[in-house]
Amino acid sequence: DSMPYIGNYSKIKDNIYEPGEYIVMKKTGASFYINSNEEWYYCSKDSSDIIINSSSINTKVLLAWLKSSFYIFYCFFDEKVENITDVNTIPRLFLPDFNKLTNKQNSELEKIVIKILSLEQQYLFNELDLTSKITNKKINNKEYESKYYSLIREHNKKVSDLTREIDSLFMEILDITNDERK
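Conventions and cut-offs
- Residues numbered from 1 in each chain as written.
- Predicted model: local features only at pLDDT ≥ 70, side-chain atom pairs only at ≥ 80, totals over all residues.
- Heavy atoms only, no water.
- Phe/Tyr/Trp six-rings, centres within 6.5 Å; stacked < 30°, edge-to-face > 60°.
- Helix = DSSP H or I, 4+ residues; strand = E, 2+ residues; numbered from the N terminus.
- Buried < 20%, exposed > 50% of the residue type's maximum accessible area, 1.4 Å probe, protein only.
- Axes fitted to C-alpha atoms, helices over the stretch in contact; angles between N-to-C directions.
- Parallel < 35°, antiparallel > 145°, perpendicular 65-115°, else oblique.
- Contact = heavy atoms within 4.5 Å.
- Nonpolar A, V, L, I, M, F, W, Y, C, P; charged D, E, K, R; others polar.

A. Representation of the packing of aromatic side chains in the model. Per the counting criterion, the structure on display carries four aromatic pairs. Between Trp-65 and Phe-170 the ring centres are 4.9 Å apart and the planes differ by 70°, which places this aromatic pair in the edge-to-face class. With Trp-65 in helix α3 (residues 59–66) and Phe-170 in helix α6 (residues 141–173), the pair connects residues that are 105 residues apart, well separated along the chain. Residues Trp-65 and Phe-170 agree in their burial class; the two are buried. Between Tyr-144 and Tyr-148, the aromatic rings sit 5.7 Å apart at their centres with planes inclined by 15°, giving stacked as the arrangement. Taken together, the positions of Tyr-144 and Tyr-148, both in helix α6 and four residues apart, correspond to about one turn of that helix. Put simply, the rings of Trp-65, Tyr-71 and Phe-170 pair up and form one aromatic cluster.

Shown next, in the form of structure tokens:
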């Protein structure tokens, strides 16, 4: 399979609100799922963001791959890849053959991604709430900083646990043994 691709946000921003499922890849490598106009509000729009849309690959399963450590591994060891978030690199990235996934594997990956998306949405709401508290002077800078870093740590731990589940599934899908993974 080849990576489905639309382009940089700056090149498609006038058409971005077409109905459908999108993945937004940030320069940091973070990937977000967008399924409605309201969700674009929570994803800051940088002109270098890469927007992915696909009718040929299950978007949630593709997002699971982008959140897996195997995706990073393949990018790191592929000599053609200089920058995994470069718009010219994305179409050349390795993808497993998603057509070979069983219904059970598809379903399990989707369930995990839905949990991650729920955690990410909750994180964004909590971050907005925390930001409004400092803006409205309900908390001081020191308290904000403490709560903000605690929010990040808690979120990252929960997501890390789920990405380990994704990795386990991709080990099975790619037929990778524990010894090979080391």
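After that view, the rundown keeps rolling.
B. The arrangement of the packing of α3 against helix α5 (residues 103–135) in detail. The interhelical angle for the contact between α3 and α5, taken along N-to-C directions, is 75°, at an axis separation of 8 Å. Between α3 and α5, the crossing angle belongs to the class labelled roughly perpendicular. Each of Lys-60, Val-61, Leu-63 and Ala-64 in α3 lies in contact with α5, whose residues at this interface are Asn-106, Leu-109, Glu-110, Val-113, Ile-114 and Leu-117. Of the residues assigned to the contact of α3 with α5, the class counts are seven nonpolar, one polar and two charged.

C. Unusual backbone geometry, seen in detail. Backbone geometry places Lys-137, a non-glycine residue, at a positive phi of 60°. If you check the backbone angles, Asp-175 has positive phi at about 55° while not being a glycine. Tracing the backbone shows Asp-175 in the loop between α6 and α7 (178–181).

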